[in-house]
Amino acid sequence: MTTAATAAAAAPVTTPAQRRSAELEQQIQQDPGRFRVMTGDRPTGALHLGHYFGTLHNRVRLQDLGVDVFVIIADYQVLTDRDVADRLTEHMEGMLLDYLAIGIDPARTTIFNHSAVPALNQLMLPFLSLVSVAELNRNPTVKDEIAHSRQSAVSGLMFTYPVHQAADILFCKGNLVPVGQDQLPHLEVTRSVARRFNERYGTVFPEPDALLSAAPLLLGTDGGKMSKSRGNSIALGATADETARLIRGAKTDTDRHITYEPETRPEVSGLVLLAALCLDRDPYEVAEEIGDGGGAVLKRTVTDAVNERLAPVRARRAEYAQDMAYVRSVLRAGNERANAVAEATLAEVRGVMGGVL
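Let me sum up the structure you'll find in this document.

How each quantity is defined
The numbering scheme is per chain: residues are counted from 1 as the chain's sequence reads. Totals for whole chains, interfaces and linings use all residues, but because this is a predicted model, local features are given only for residues with pLDDT of at least 70 and pairs of side-chain atoms are given and counted only at 80 or more. Side-chain numbers here rest on the full set of heavy atoms in the structure, without hydrogens or water. Secondary structure elements are defined from DSSP: runs of H or I of at least 4 residues count as helices, runs of E of at least 2 residues count as strands, and each element is numbered from the N terminus. Each radius of gyration reported is based on C-alpha atoms, and the globular scaling rule is 2.2 Å times the count of residues to the power 0.38. We call two residues contacting when some pair of their heavy atoms lies within 4.5 Å. Reported accessibility uses the Shrake-Rupley method at a 1.4 Å probe radius. Residues are deemed covered only where the shown protein chains occlude them. Only four residue types enter the tally: Lys and Arg on the positive side, Asp and Glu on the negative side, with His and both chain ends excluded. All charge positions are set by atom: Lys at NZ, Arg at CZ, Asp at CG, Glu at CD. Under the pairing criterion, centres of Phe, Tyr and Trp rings, with the six-membered ring standing for Trp, must be within 6.5 Å; the plane angle then separates stacked pairs below 30 degrees from edge-to-face pairs above 60, leaving the rest tilted. Here's how the labels work: a residue is buried when its accessible area is under 20% of the maximum for its type, exposed when over 50%, partly exposed in between, all with a 1.4 Å probe on protein chains only. Orientation is described by lines fitted to C-alpha atoms, with helices fitted over the stretch in contact, and by angles between N-to-C directions that extend from 0 to 180 degrees. Note on terminology: angles under 35 degrees are roughly parallel, angles over 145 are roughly antiparallel, angles of 65 to 115 are roughly perpendicular, and the others are oblique. Whether a crossing is left-handed or right-handed is set by the direction in which the near helix is turned from the far one by less than a right angle, anticlockwise for left-handed and clockwise for right-handed. Under the convention adopted here, Pro, Cys and the residues Ala, Val, Leu, Ile, Met, Phe, Trp and Tyr are nonpolar, Asp, Glu, Lys and Arg are charged, and Gly plus all remaining residues are polar. Two N or O atoms count as a polar contact when they lie within 3.5 Å, although within protein this holds only if one can serve as hydrogen donor and the other as acceptor, and sequence-adjacent residues are included solely when both atoms are side-chain atoms. Viewed with both strands pointing away, a crossover whose connecting path from the first strand over the helix to the second turns clockwise is right-handed. Here the expected length of a helix is defined as 1.5 Å per residue gap, with one fewer gap than residues. By nonpolar core we mean a set of buried residues, namely Ala, Val, Leu, Ile, Met, Phe, Trp, Tyr and Cys, connected to one another through side-chain atoms within 4.5 Å. The salt bridge definition used is simple: a Lys or Arg side-chain nitrogen within 4 Å of an Asp or Glu carboxyl oxygen.

## Considerations on the overall build of the chain
Within the chain one finds 16 helices and five strands. Relative to the globule expectation of 21 Å for 357 residues, the C-alpha radius of gyration of the chain, 21 Å, shows essentially globular dimensions. Taken along the three principal axes of its C-alpha coordinates, the chain extends 70 × 50 × 45 Å. The long-range share in the chain, meaning contacts at least 24 apart out of those at least 6 apart in sequence, stands at 76%. When the accessible surface of the chain is totalled, it reaches about 16100 Å², and 51% of it is carbon and sulfur. Averaging the locations of the 37 positively and 44 negatively charged side chains of the chain gives two centres separated by 3 Å.

## Here we look at the packing of aromatic side chains
Counted under the stated rule, the structure contains 10 aromatic pairs. Look at Phe 70 and Phe 112: their rings are 6.3 Å apart centre to centre, the planes differ by 75°, and that puts the pair in the edge-to-face class. Placement of Phe 70 in strand β2 (residues 68-73) and of Phe 112 in strand β3 (residues 109-113) is noted, with a sequence separation of 42 residues between them. By relative accessible area, which is 0% here, Phe 70 ends up buried. Between Phe 197 and Tyr 201 the ring centres are 4.9 Å apart and the planes differ by 50°, which places this aromatic pair in the tilted class. With Phe 197 and Tyr 201 both in helix α11 (residues 184-201) and four residues apart, the pair spans about one turn of that helix. Owing to a relative accessible area of 0%, Phe 197 belongs among the buried residues under this scheme. On the accessibility criterion, Tyr 201 (26% relative accessible area) is partly exposed.

## Notes on the packing of helix α12 (residues 240-248) against helix α15 (residues 294-321)
Relative orientation of the contacting elements α12 and α15 amounts to 150°, with a least axis distance of 10 Å. On the basis of their axis angle, the class for α12 and α15 is roughly antiparallel. In the crossing of α12 with α15, the sense of the turn from one axis to the other is right-handed. Residue-level contacts link Ala 240, Thr 243, Ala 244, Ile 247 and Arg 248 of α12 to Lys 299, Val 302, Thr 303, Val 306, Asn 307 and Arg 314 of α15. Among the residues making up the contact of α12 with α15, the classes are represented as five nonpolar, three polar and three charged.

## So, the pairing of β3
Extensive coverage of β3 is indicated by the burial of five of its five residues. Burial along β3 is two-sided: the residues Thr 109, Ile 111 and Asn 113 and Thr 110 and Phe 112 are all buried.

## Overview of the side chain of Lys 299
Relative to the elements of secondary structure, Lys 299 occurs in helix α15. Looking at Lys 299, its side chain comes within polar contact range of the main-chain oxygen of Ala 250, at 2.8 Å. If we ignore the near neighbours within four places in the chain, the residues touching Lys 299 are Ile 247, Arg 248, Gly 249, Ala 250, Thr 252 and Leu 271.

## Concerning the pairing of strand β4 (residues 176-179)
Where burial is concerned, the two faces of β4 agree: the one with Leu 176 and Pro 178 and the one with Val 177 and Val 179 are both buried. Crossover β4 to strand β5 (residues 209-212) through α11 is right-handed.

## Let's talk about helix α4 (residues 88-102)
Relative to the 21 Å expected for 15 residues at 1.5 Å per residue, α4 spans 21 Å between its end C-alpha atoms, a close match to the ideal helical length. With 11 of its 15 residues buried, α4 lies for the most part within the structure. Among the residues making up α4, those that are buried are His 91, Met 92, Gly 94, Met 95, Leu 96, Leu 97, Asp 98, Tyr 99, Leu 100, Ala 101 and Ile 102. After α4 finishes, the residue Gly 103 shows a positive phi value of roughly 115°.

## Focus: the nonpolar core
Ranked by size, the top nonpolar core spans 57 residues in total, and within it Leu 49, Tyr 99 and Leu 274 carry the most contacts. Taken together, the elements giving at least two residues each to this core come down to α2 (16-30), α3 (49-65), β2, α4, α13 (266-279), α14 (283-290), α15 and α16 (324-352). Ranked by residue count, the leading element in this core is α13, at nine residues. Among residues more than four places away in sequence, those in contact with Tyr 99 are Asp 41, Leu 47, Leu 56, Arg 59, Val 71, Ile 72, Ile 73, Ile 104 and Ile 111.

## A closer look at the environment of Arg 265
Positionally, Arg 265 belongs in the loop between α12 and α13. For Arg 265, a relative accessible area of 6% puts it in the buried group. Between the alpha carbons of Arg 265 and Val 163 there is a distance of 39 Å; along the sequence they are 102 residues apart. The contact partners of Arg 265, leaving out residues within four places of it in the chain, are Asp 253, Asp 255, His 257, Ile 258 and Thr 259. Polar contacts involving the side chain of Arg 265 include one to the side chain of Asp 253, which spans 2.9 Å. A distance of 2.7 Å separates a polar side-chain atom of Arg 265 from the backbone oxygen of His 257.

## Brief notes about the pattern of salt bridges
One pass over the full model with this rule turns up 23 salt bridges. Asp 209 is the partner of Arg 20 in a salt bridge, and the nearest nitrogen-oxygen pair spans 2.9 Å. Placement of the pair is Arg 20 in helix α2 and Asp 209 in strand β5, with a sequence separation of 189 residues. On the basis of relative accessible area, Asp 209 is assigned to the buried category, the value being 17%. Between Asp 98 and Arg 317 there is a salt bridge, and its shortest N-O distance comes to 2.6 Å.

Dropping the structure here:
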């Protein structure tokens, strides 16, 4: 069983969303062809270990089970919380390399970029008519994203971000969206848009379900959440030496005895967890083995575990980087498929709306 599947199986089931997610995992095992997953990333920087264990690993798992997976490189959404899209081509190509290196197969997974699929974005207009300003205003995820925005004022794009995501999901009639607990309000907007559209015009869209991620939060080298924009992450494309340097500089604490206590020792526990994930082991066992070895042994353990886990990924990444013509062709092919799907959906929408669009 993979790390993601093990985590999902071990996760406590206490809320309706978690119970539904557990049911969906069983249904995926029984009939993966029923599902189309829609997921993706904004090309704002290098993908890192937090992405790998949080989402990327799970995409490969779902793909390998036989689920139809769509992965969007959301270039338009770069502008939701910043004024310009810096180094966009570089970040997009880096993402493509990472996707291919971790095992995403373009023969089974559709990789495309936002701006290349105009019919997708055209769905924004009718979708915006189905959501009130008050609903967007009280969305807790939007509030949090606004609080961390790089812009001095809230743009209309930021404010309507959940509706844009609804278009991303519904253009391909995605019925399953892997999310963390904090993203559930965004997905609820998508479900509302689909339901209201179907009630008003006629049934076109599924109401997508959330497949909750059981992956634990990985902390960055500064003890905060691992993030592309905070300079505290270990990129998938980093070299072994760069990884060692970053881990050597990671925060720990003054207690030499290593334990796994996330609530009281977050920095030390974050490093222990990273080693455990890379080794497919229990973090308490890893901490117990290090014991009185202190921060130096802990960091050496983490460095060895990360570099061993990522060695084959890095080797494949370097190989793909030697043939960027192929890498770019993967995106072109994905864009062609996404466009065909989006045009078909838009034709349906025009039909039930009486040719308005």
